[in-house]
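Descriptive analysis of the structure
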Amino acid sequence: MELYICKFRAAILLLSVVSLVRFAHAQYTIEEEKWPEGKLAADVQNWALVIQNYILELASDGLKTSHMQSFYDKANYTMEHKDGFETLQRVKSSLRDYFSKKEQAARRIAEAVATMYDNNNQNAEVLEFSKLQDVPYKYYKDSDIPNRLPRNMEFSPYFKQKISSESSVVKISDEVPRDSNVTINTVMYTYGLDEVFKQNNLKDPLLRWQYFGSKDGILRMYPGREWDTNFAGFYNDYDPRVRPWYIAATSGPKDVAIILDCSYSMTGKKFEIGKAVVKTILNTLTKQDYVNVICARASHWDEVGKWHLFSTDVLSCQDNRLVPASTAHRKDLKEKIETLVPGGTSELHYLTIDDGEEFPGRLACENRGSMKKLLSGNNLISQMNNYFEFLSSNTEGTQGLWTSPYLDAWGLGLMVTVAIPAVSKISNKVIGVAGIDATLEEIENLIVNEQWGSVYAFLVNNEGETIFHPLLKPSSKLVDDPIFIPISKLEQRDGKPAAFAEVEAAMRRGESGSKTIEDAYRGLPKARIFSYLTIDDGEEFPGRLACENRGSMKKLLSGNNLISQMNNYFEFLSSNTEGTQGLWTSPYLDAWGLGLMVTVAIPAVSKISNKVIGVAGIDATLEEIENLIVNEQWGSVYAFLVNNEGETIFHPLLKPSSKLVDDPIFIPISKLEQRDGKPAAFAEVEAAMRRGESGSKTIEDAYRGLPKGDFADGVKLLQQPATYYYTALNASVYAFAFNLAESDSEFRRTHEPEESLRKTLPTSIFNLIIKYDSELARQKLPGLFEKMKVEYNLPKYPQLRVTYLHSSFMLAPKCYCDPNSYLFDEDLANKTVTAHLFMNGNETAKDCPNSIYEKNIRADVLITSQIEEIWKTRKFDLLDDVKWTYIGCRSGVFRTYPGHRSRRTYDPTKRPWYHRTMTNPEKTAISTAYMDAAGVGKIISISQAIFEGMPLRTQEECDMVEGLKPGGCVCESYEECLSGHCYHSEAPGYMQLRRRCASEKVEAVTALDILYKDFHNNVYLSMQSSDGERSCRQTYRCPNGEDMCQTRCYLFDNFANLVTDPEFIHASDLDERQYKRVSLGKKEGEVMHELIYKHGFFERKEQIDFQGSCSVSPYSPKVTLDGIAKTPEELDDYFRTKGPIPSFSNNFGCIQDVVGYQANSSALGPSGMITGNVTGACKSGFYYLTALPKTNLFLLVIENWRNDSESNFFNFNCRITNRFRALQTSNWFYPVTGTLRYWR
């Protein structure tokens, strides 16, 4: 809800500025001249054709796409049948095994540490050591003390840092006194966990961090590591008690309202302590909790009669409810708390409720009874034998009955018993009773297990007394036989809703049925209040408030060691731990450098005191989980992972977990799979997944989103039939699903070339070319490295190793059967030799899991190798301008020329150039300028699609088609084909000599990179006017006689991003904001305004980025790349070679409202051109707009362009227009918990 409120505020701001601009513009333009019609219409049409031909020629000569297409057309394909349920079960088995192993490991830690704790307490003796530093090194290795670190730590790619697999380390919070008996004791008894940690590692080598956090703020973790430092070189603090995994395991979901006394009496140290308390409490909350903070104060008169206005404020943007305690909300609340200044008064009143008159006792009348005098309180049952005989004489038969719940005398908690009297058949008297017990905890579990979402259940007896209800304490928490509450007290308020009485009556009569009540109540448990005084006395009110609301009060004398001082609050949280069941946390950013994590956390509970002594945790990275799921995708199939709240953990339309800069804000899956609530049928899929069910559902009008490039470009929506196959992971709170289109059930897979062709293919070189110089490679592949002629640090490729004699192939993680093993395998020489021998050898390719690589990978490596010789022998004028030429296959195979290394995590199918081409495969796609990863300057990428091999069709099949023709049918133009592409193919089939439609599926994307300055110069040289006076960038006399006009020319893409601009040439290569994704509106706001509102050429597109990145301080460009990892080798080795000082990050996670524009080519009309005259407050001119139809580009030319008004200091209208122009560009709005900020 808060997001919509924020966007509404943004709209108000925008409208007010628009009104102001129009008003100012109306005043200013009274004296403006309107330029006459332009003279360049024919030239502009010609320029567009010339530029398009230049791009197509560059693509044709540089990419050799027709050759690559012919290789796939001539390849052999096999049709494979794919079963969604089989895939689902295979992934489920892998993930279930993955999660259950982690949970078993955490349970072993929790059980072991509880035993160690109890044994230590039972055998308590006087501590041998009075100071922590005296504890022997064997027991105590400290992550904060260099000479206490484990010895012989080695770098581990799996942990991205140096670790010790031989021992754990201890991390002690700064708030914990190091020499206290508790600290020394905890360090000593937890030493025994080392053996448990190592055994866990043997049973599951894929374990990440293992740790135990104690209730006293001490962490023991394995493997051992040195702690992170801050910029000053001091070790960062870490308290396990405020980490998400600890809090989730010990307290569960909770609602917290914090009231801070903001009156003037709090001025000084008291208020600083109060704010620190609030922030400490906020730190104990996680995404599963809800919170709000209230700054309480009131207005007052001063001693001279002056009125001072103050009000009690709710700090969150939602002032009438609690908000989720997400990272963004907590961060926003902390920022607002910091700005608070005490003022006003606090007149707090205490209310009491009169209990009324004492209820008088009454004597019971004797009614057919008897009387006995009791002489003492001893043996009362014997003395009252007449009463008990009377009771047993009233037994009616031997029918059993269930008792009301009572506390078990033998320690099993609250019980109900089925009791059956044993009656003598001779005397017909009761001789005793037989009974069988059932615990209420078991009954509750059976009921709770069937709840989902906000559903709740309750249990009553035939008297309407409540046995179980979520508003009552769980039976395990009761300390005495309970007093049962009428169900009407929990489900009604003052007898309302009256309709509930019918439900209660029916239940008491033993009936079954249902009833909908429109005004039903749902109750929340009564709040528990903790009061904290800061220095001053005045305990009466806060003390009574706390005591009467099941809380407690404490006086805080300073702001130091608040967690220790607030131990009553933390003990309350841990006391709410229900059993020792493990739970999986929401994903969060790992404090130890491994990215986004989920943790299985299990409380360790003493078997003697039954109290929580800490929490055991095992981590799992989201990157690993994603790899396990992605590895099973094929064709257009995609998968997603959600939790039981319907929040999306993984989805192809979201950023990968490795790209997030902060704890994420998770998006409801409905936002990604539905549009405005449609298709409605998806709600059934979501509900089933949240309930933990398995199944499938076919939806005829399902949506599929394809990324168009960068996130800001949005997605291309396809609506087509699709089947969702879904299942839950019983060992966790997660469920996942696959989305299969109809065409995915039959999947065409390429075959490896036949033996005769393979003999002619060049040797395929793996991308780690330096590893061909390793000892292993020289032994297995003798002489190959010398033949490769590897060169280093050429002017064109600084600090890179390249070979002009070969292209190189790289395999994305999804090409491997076990992506995680590949990612963390540091034996690069063996990886290189293994890949080389397999791809160039004759070993039979096998299916996973009996192979290292996915079965079809070698086919793509060999098929693409045929292009190597063609790329090597290219000869054309612009060849020197081309930096890289490459092809990315849908399988994840990536081949590039000249041969060089790529990043280990590189996946071509996730790159913007790949997505840009996939969404418009019939066109040649051109990127905006961006900084090359190797640091050689600004470049442009030009890419084209390689279609799946042409399918075999008969003439009869094609003749039966109505409408657009499928792949393999004869065509005369692009417009006739479903794929949008018509070409001559060497593939077999009827009418082989005629042009045929391409397949609808894209097999690969091929692209080249060209230096921006070369592309720019060639484009602008093409735009020479026929009169020789009005060429692009040429200055000439304006129609009014002034020598100030020129012709301005821009190429921009279909998202209104400039591809060329004269200013880009002079922009620093290191300042990407000056040339990457610069909006047309930023340069030519008046023209942009007309194209949007007058011609309807641009359509506004808006989306919310829940995973955005915002800056702490204003943007500042880099001044040098020295010391920054930039080559693939440096980036892969970053964690190995980085120094002890942490890298500075100016970014943090935030929600962003992303506004962009989409070109509407149909607005160009029959003429294919839009023209117009602008006479704005800043700029004037006559503009022409036309398309480069075979590309994703458009050409804008402004004749008689003049920009002299802005230099006039008094031209306020121009300044206002500039501000409005900024609002017209692809803006970033930053709403955090409903607070709107505009980021420029």
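Quick notes on the rules
Each chain has its residues counted from 1, running along the sequence as written. Selection of residues for local features in this predicted model requires a pLDDT of at least 70, selection of side-chain atom pairs for listing and counting requires 80 or more, and totals for whole chains, interfaces and linings are taken over all residues. By convention in this description, side-chain values take in all heavy atoms of the structure and omit both hydrogens and water. Here a strand is any run of E in DSSP of at least two residues, a helix any run of H or I of at least four, and the numbering for each starts at the N terminus. Per-residue accessibility, obtained with a 1.4 Å probe over protein chains only, is compared with the maximum for each type, and a residue is labelled buried under 20%, exposed over 50%, and partly exposed between these values. The contact criterion used throughout is that any non-hydrogen atoms of two residues lie within 4.5 Å. Residue-level accessible areas treat just the shown protein chains as cover; the underlying method is Shrake-Rupley with a 1.4 Å probe. Strand pairing is assigned whenever DSSP detects at least two bridges linking the two strands. As used in this record, nonpolar core signifies buried Ala, Val, Leu, Ile, Met, Phe, Trp, Tyr and Cys residues forming a set joined through side-chain atoms within 4.5 Å. A pairing counts as a salt bridge when a side-chain nitrogen of Lys or Arg comes within 4 Å of a carboxyl oxygen of Asp or Glu. Two distance rules govern patches: like charges are joined within 9 Å, and nonpolar side chains (Val, Leu, Ile, Met, Phe, Trp, Tyr) within 5 Å, applied only to residues with over 30% relative accessible area and no salt bridge. Cysteine sulfur atoms that pair up within 2.5 Å are treated as a disulfide. The predictor attaches a confidence to each residue, called pLDDT, with possible values from 0 through 100. Ring pairs are drawn from Phe, Tyr and Trp, using the six-membered ring of Trp, whenever the two centres fall within 6.5 Å, and their geometry is named by plane angle: stacked under 30 degrees, edge-to-face over 60, tilted for the rest. Throughout this description, the term charge over a ring refers to an Arg CZ or Lys NZ atom that lies within 6 Å of the ring centre and within 35 degrees of the ring normal. Throughout, an axis means a line fitted to C-alpha atoms (over the contacting stretch in the case of helices), and angles, computed between N-to-C directions, take values from 0 to 180 degrees. Geometric relationships in this document are graded by angle, where less than 35 degrees denotes roughly parallel, more than 145 denotes roughly antiparallel, 65 to 115 denotes roughly perpendicular, and other angles denote oblique. A clockwise turn of the near helix away from the far one marks a right-handed crossing, whereas an anticlockwise turn of less than a right angle marks a left-handed crossing. For this scheme, ten residues count as nonpolar: Ala, Val, Leu, Ile, Met, Phe, Trp, Tyr, Cys and Pro. Four count as charged, namely Asp, Glu, Lys and Arg, and the remainder, Gly too, count as polar. Between N or O atoms, a polar contact is any pair within 3.5 Å; within protein, one atom must be a potential hydrogen donor and the other a potential acceptor, and residues adjacent in sequence are included only when both atoms are from side chains.

- As annotated in an unreviewed UniProt entry, the protein chain carries the name Voltage-dependent calcium channel subunit alpha-2/delta-1-like and comes from Saccoglossus kowalevskii.

**Structural notes on the overall build of the protein chain**
- The helix and strand tally for the protein chain stands at 36 helices and 52 strands.
- Considering the protein chain as a whole, with its 1240 residues, one finds that 49% of them fall into the buried category.
- Nonlocal contacts in the protein chain, meaning residues at least 24 apart in sequence, comprise 67% of its contacts between residues at least 6 apart.
- Of the roughly 60,600 Å² of accessible surface on the protein chain, a fraction of 52% belongs to carbon and sulfur atoms.

**Looking at the pairing of strand β30 (residues 746-750)**
- Most of β30 sits inside the fold, with four of its five residues counted as buried.
- One ladder, built from five bridges, connects strand β1 (residues 77-81) with β30; its direction is antiparallel. Bridge pairing links Met79 to Arg748 in β30.

**Re the nonpolar core**
- Counting residues in each nonpolar core, the largest one holds 79 residues, and the members touching the most others are Trp209, Trp245 and Leu811.
- Residues Ala59, Met931, Ile940 and Tyr1020 belong to the second largest nonpolar core, which totals 64 residues.

**Details of the pattern of salt bridges**
- Counted according to the given criterion, the structure contains 39 salt bridges.
- Among the salt bridges present, the one from Asp144 reaches Arg178, with a minimum N-O distance of 3.8 Å. One end of the pair, Asp144, is in the loop between α4 (84-122) and β2 (154-156); the other, Arg178, is in the loop between β4 (169-172) and α5 (181-190), with 34 residues separating them in the sequence.
- Owing to a relative accessible area of 12%, Asp144 belongs among the buried residues under this scheme.
- Using a relative accessible area of 28% as the deciding quantity, one classes Arg178 as partly exposed.
- A salt bridge links Lys1013 to Asp1014, with the shortest nitrogen-to-oxygen separation between them at 3.4 Å.
- For Lys1013, a relative accessible area of 48% puts it in the partly exposed group.
- In this structure Asp1014 comes out as buried when scored by relative accessible area, which is 15%.

**Digging into a nonpolar patch on the surface**
- Taken together, the side chains of Trp301, Trp307 and Leu309 present a nonpolar region at the surface, about 420 Å² in accessible area.
- Take Trp307: it is sitting in strand β10 (residues 307-308).
- Overall, the relative accessible area of 42% leaves Trp307 in the partly exposed class.

**Looking at the state of the cysteines**
- The final tally for this structure, using the stated rule, is seven disulfides.
- A sulfur-sulfur distance of 2.1 Å marks the disulfide that ties Cys262 to Cys295. Of the two residues, Cys262 is situated in the loop between β7 (255-261) and α8 (269-283) and Cys295 in strand β8 (residues 290-296); the sequence distance between them amounts to 33 residues. The same class applies to Cys262 as to Cys295, namely buried.
- Paired through a disulfide, Cys1038 and Cys1045 show a sulfur-sulfur distance of 1.9 Å. One disulfide, between Cys1038 and Cys1045, carries an S-S torsion of 110° and so falls in the right-handed class.
- Overall, Cys1038 belongs to the buried group, its relative accessible area being 4%.
- Residue class for Cys1045 comes out buried when judged on its relative accessible area of 0%.

**So, the side chain of Ser774**
- Position of Ser774 relative to the elements: it lies in the loop between β31 (765-766) and α22 (775-780).
- Looking at Ser774, the relative accessible area reads 15%, which means it is buried.

**Describing the pairing of strand β49 (residues 1180-1188)**
- Taking burial as the measure, the nine residues of β49 include nine buried ones, the bulk of the element.
- Where strand β48 (residues 1169-1175) meets β49, seven bridges bridge the pair, whose relative direction is antiparallel. Looking at β49, one finds that Val1174 is bridged to Gly1181.
- In this structure, β49 lies alongside strand β50 (residues 1193-1202), joined through eight bridges in antiparallel fashion. If you follow Tyr1183 over to β50, its bridge partner there is Ile1198.

**Observations concerning the confidence of the model for the protein chain**
- Looking at the protein chain, pLDDT values average 79 and 77% of them are 70 or higher.
- Low pLDDT, under 50, characterises residues 348-384; the predicted model gives this stretch 20 contacts beyond four residues in sequence or across chains.
- Confidence drops under a pLDDT of 50 for residues 1224-1240, and excluding neighbours within four residues, the segment shows 73 contacts in the predicted structure.

**Digging into the packing of aromatic side chains**
- Counted according to the given criterion, the structure contains 36 aromatic pairs.
- With centroids separated by 5.7 Å and ring planes inclined at 85°, the aromatic side chains of Tyr98 and Phe99 adopt a geometry described as edge-to-face. For the pair Tyr98 and Phe99, a shared accessibility class is recorded, and that class is buried.
- Measuring from centroid to centroid gives 6.4 Å for Phe1098 and Tyr1157, while their planes differ by 65°, and the two rings are edge-to-face. Residue Phe1098 is located in strand β46 (residues 1098-1111), and its partner Tyr1157 is located in strand β47 (residues 1147-1159); the two are separated by 59 residues in the primary sequence. For the pair shown, Phe1098 and Tyr1157 are each scored as buried.
- A cation sits over an aromatic face here: Arg858 above Phe838, 4.3 Å from the ring centre.
- The ring of Tyr1075 has Lys938 lying over it, and the distance from NZ or CZ to the ring centre is 5.2 Å.

**Examining unusual backbone geometry**
- At the junction of Tyr222 and Pro223, the peptide bond is cis and its omega measures out at 0° in the coordinates.
- Going from Lys496 to Pro497, the amide bond is cis rather than trans, its omega being -5°.
- In this structure, Lys789 takes a positive phi of about 55° despite not being glycine.
- Position of Lys789 relative to the elements: it lies in the loop between α23 (784-788) and β32 (791-794).
- We note that Asn793 has phi near 60°; this positive angle belongs to a residue other than glycine.
- Structurally, Asn793 can be placed in strand β32.

**Considering the side chain of Ser865**
- Among the structural elements, Ser865 can be located in helix α26 (residues 857-865).
- Ignoring sequence-local partners within four residues, the contact set of Ser865 consists of Leu761, Pro762, Ser764 and Arg895.

**Some thoughts on the packing of α4 against α5**
- Running from N to C, α4 and α5 cross one another at 125°; their axes reach a closest spacing of 9 Å. As far as their axial angle goes, α5 and α4 are oblique. Remark: the crossing between α4 and α5 carries right-handed chirality. Residue-level contacts link Val113, Met116, Tyr117 and Asn120 of α4 to Asn185, Tyr189 and Thr190 of α5.
- Residues that form the contact of α4 with α5 fall into these classes: four nonpolar, three polar and no charged.

**Description of the environment of Lys1179**
- Note that Lys1179 resides in the loop between β48 and β49.
- For the pair Lys1179 and Asn1200, spaced 21 residues apart in sequence, the C-alpha separation works out to 10.0 Å.
- A polar atom in the side chain of Lys1179 sits 2.5 Å from the backbone oxygen of Lys1083.

**So, the packing of α4 against helix α18 (residues 622-630)**
- Relative to each other, α4 and α18 sit at 160°, their axes nearing to 9 Å. It follows that α4 is roughly antiparallel to α18 by the angle criterion. α4 and α18 meet at a crossing whose hand is right-handed. On α18, the residues touching Val91, Leu95, Tyr98 and Phe99 of α4 are Glu624, Ile625, Leu628 and Ile629.
- Taken together, the residues that form the contact of α4 with α18 break down as seven nonpolar, no polar and one charged.

**A look at the environment of Leu1011**
- Relative to the elements of secondary structure, Leu1011 occurs in strand β42 (residues 1002-1011).
- Judged by relative accessible area, Leu1011 falls into the partly exposed class, the value being 23%.
- Between the alpha carbons of Leu1011 and Ile939 there is a distance of 4.3 Å; along the sequence they are 72 residues apart.

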